[in-house]
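Report on the structure
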Amino acid sequence: MAHVRFAARDPGGANVIAGFLGRCGADLPFTFDVWTLPRATAIFRRGGLDTREFSEDFDLAEMAEAWTASPADALVTGTSHYAAFEAGLWEVARRDGCPSLALNDAWANLSERFAAGHPDHVGAVDATQARDLALLGFPPERIIVTGHPWLSPLIERRDELIATTDVPGDGGGTRVLFVSECIASDVARGVQAAFGFDEFDAFDLVYRAAAVAARGDRPVRLMVKCHPYEDVEAFRQRLERYPRQPGLAVQVLGGEEQPYRWILWSDVVTGMTSTLLLEAIVLGRPVLSVQPGLARDNGFIAGRLGFAPTLTDPAEAERVLAEVIRRPAARAALVERQRPFIETIPADSITPVMNWIRAHTGR
């Protein structure tokens, strides 16, 4: 029986790999193991999957030695724009004559995900991304439209998830969720090109709009969901410098907090380019991407395709945000505008990957 190695270094990639394995069932035509870095480990364990964890300051020679001690017949990884964990594994596998397939979990930072190397084959979330990957130099015959093994099952089990999720009490008022990302630190470290804004610029706008909306007859509760890589305490300390506004309550959640209960808690979901915004669309919440002064390609695919707003002008952003927070009718209209986006996600994200594994292991 063939042995397949799965690997991911970040939560996004781990979600895709875990989503695939979770839907394959118990009767697999291969054995497998999972290699991770620490921030991805929790995602796999949540799905009942054991992992071999390497340290954040991993050494490629160590991974090559581990591979030699325990080789695989095929490698399936996530992708990342951070230190080249997956890219290192693609090279180690190639030296061993092992084919590799990388599955994308997002539309953003595509060139950065392959700056350190290319896998043998790459999975495109949809036809739009397949064209983008071809422009990056991937031969068309090595691009497979694999769908999104995390969003596709979420679409399938949406109603069940809504019915069974433990949602926090509302506490009264309009509930706004801001999904943060570690853009400022990424740009400072050179792992991403400048966006023209960072998470604090985006949050400033959401905060101001929430304060405006809170001046009406209904209070506003603004919750910040930090990214797992963010310094939560630093965000909380920064928040202490904001002026207190009547009718507006603000709280910062840790990066490891379960996101769906807060998405379902919310009346409005805001953020920048996070995949959580797409998950919020699937879960029926109105979503606005706030990217003031955007100076590069829009990484929010639902916005790029016209299904949801991407707010780049600060004055317009504050006005639109305040209106959506204030008015239930505006929120309902936004949900209707977003709904067709779900139909762009391929329904079957299992068969293309299984076919690739069979084709490249002879089983």
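The following refers to the structure shown. These numbers were taken from a predicted model, which means no experiment stands behind them. Residue numbers here run from 1 along each chain, matching the order of that chain's written sequence. Reporting of local features is limited, given that this is a predicted model, to residues whose pLDDT is at least 70; pairs of side-chain atoms are given and counted only at 80 or more, and all residues count toward the totals for whole chains, interfaces and linings. Excluding hydrogens and water, the side-chain figures rest on all heavy atoms present in the structure.

On to the packing of helix α15 (residues 314-326) against helix α16 (residues 328-338), then. Axis lines are fitted to C-alpha atoms, over the contacting stretch for helices. Their N-to-C directions set the angle, which ranges from 0 to 180 degrees. Counting from the N terminus, the helices are DSSP H or I runs at least four residues long and the strands are E runs at least two residues long. At a closest axis distance of 5 Å, the pairing of α15 and α16 adopts a crossing angle of 105°. By the angle between their directions, the pair α15 and α16 is classed as roughly perpendicular. Side by side, α15 and α16 meet where Glu323, Val324, Ile325 and Arg326 of the first sit next to Pro328, Ala330, Arg331 and Leu334 of the second. Grouping the constituent residues of the contact of α15 with α16 by class yields five nonpolar, no polar and three charged. Here roughly perpendicular refers to angles of 65 to 115 degrees, roughly parallel to angles under 35, roughly antiparallel to angles over 145, and oblique to all remaining angles. Between two residues, a contact is recorded if the distance between any of their heavy atoms is within 4.5 Å. Throughout, the ten residues Ala, Val, Leu, Ile, Met, Phe, Trp, Tyr, Cys and Pro are labelled nonpolar, Asp, Glu, Lys and Arg are labelled charged, and all others, Gly among them, are labelled polar.

So, about unusual backbone geometry. The residue Asn109 is not glycine, and still its phi comes out positive at about 55°. Note that Asn109 resides in the loop between β5 (100-103) and α5 (110-113). Buried means the residue's accessible area, taken with a 1.4 Å probe over protein chains only, is under 20% of the maximum for its type, while exposed means over 50%, and partly exposed covers the values in between. When its relative accessible area of 10% is taken as the criterion, Asn109 is described as buried.

This part covers the nonpolar core. Side-chain atoms within 4.5 Å link the members of a nonpolar core, which is a set of buried Ala, Val, Leu, Ile, Met, Phe, Trp, Tyr and Cys residues. Core analysis: the biggest nonpolar cluster contains 60 residues, and Phe6, Phe20, Phe44, Phe341 and Ile357 have the highest contact counts within it. Looking at this core element by element, the count peaks at seven residues for helix α1 (residues 11-24). Apart from residues lying up to four places away in sequence, Phe20 is in contact with Phe6, Pro149, Ser349, Ile350, Val353, Met354 and Ile357.

As a further point, take the sheet that holds strand β4 (residues 74-77). Whether two strands pair depends on DSSP finding at least two bridges between them. Spatially, β3-β2-β1-β4-β5-β6-β7 is the arrangement adopted by the seven strands of the open sheet, whose pairing is parallel. Of all strands in the sheet, those with a lone pairing partner are β3 (52-53) and β7 (143-145), marking the two edges. Bridge analysis of strand β1 (residues 2-8) against strand β2 (residues 30-36) gives seven bridges, and the strand direction is parallel. Note that in β2 the partner of Ala8 across the bridge is Thr36.

Looking now at the pattern of salt bridges. Salt bridge, as used here: a side-chain nitrogen of Lys or Arg that lies within 4 Å of a carboxyl oxygen of Asp or Glu. Scanning the model with the defined rule gives 20 salt bridges in all. Where Asp33 meets Arg5, a salt bridge forms, and the shortest distance between an N and an O atom there is 2.8 Å. Of this pair, Asp33 sits in strand β2 while Arg5 sits in strand β1, and the two are 28 residues apart along the sequence. Considered together, Asp33 and Arg5 belong to a single accessibility category, that of buried residues. A salt bridge links Glu233 to Arg236; its shortest N-O distance comes to 2.6 Å. Here Glu233 and its partner Arg236 are both found in helix α11 (residues 232-239), three residues apart, which amounts to about one turn of the helix. A relative accessible area of 43% means that Glu233 is categorised as partly exposed.

Treat this as a map of the structure, not an account of what it does.
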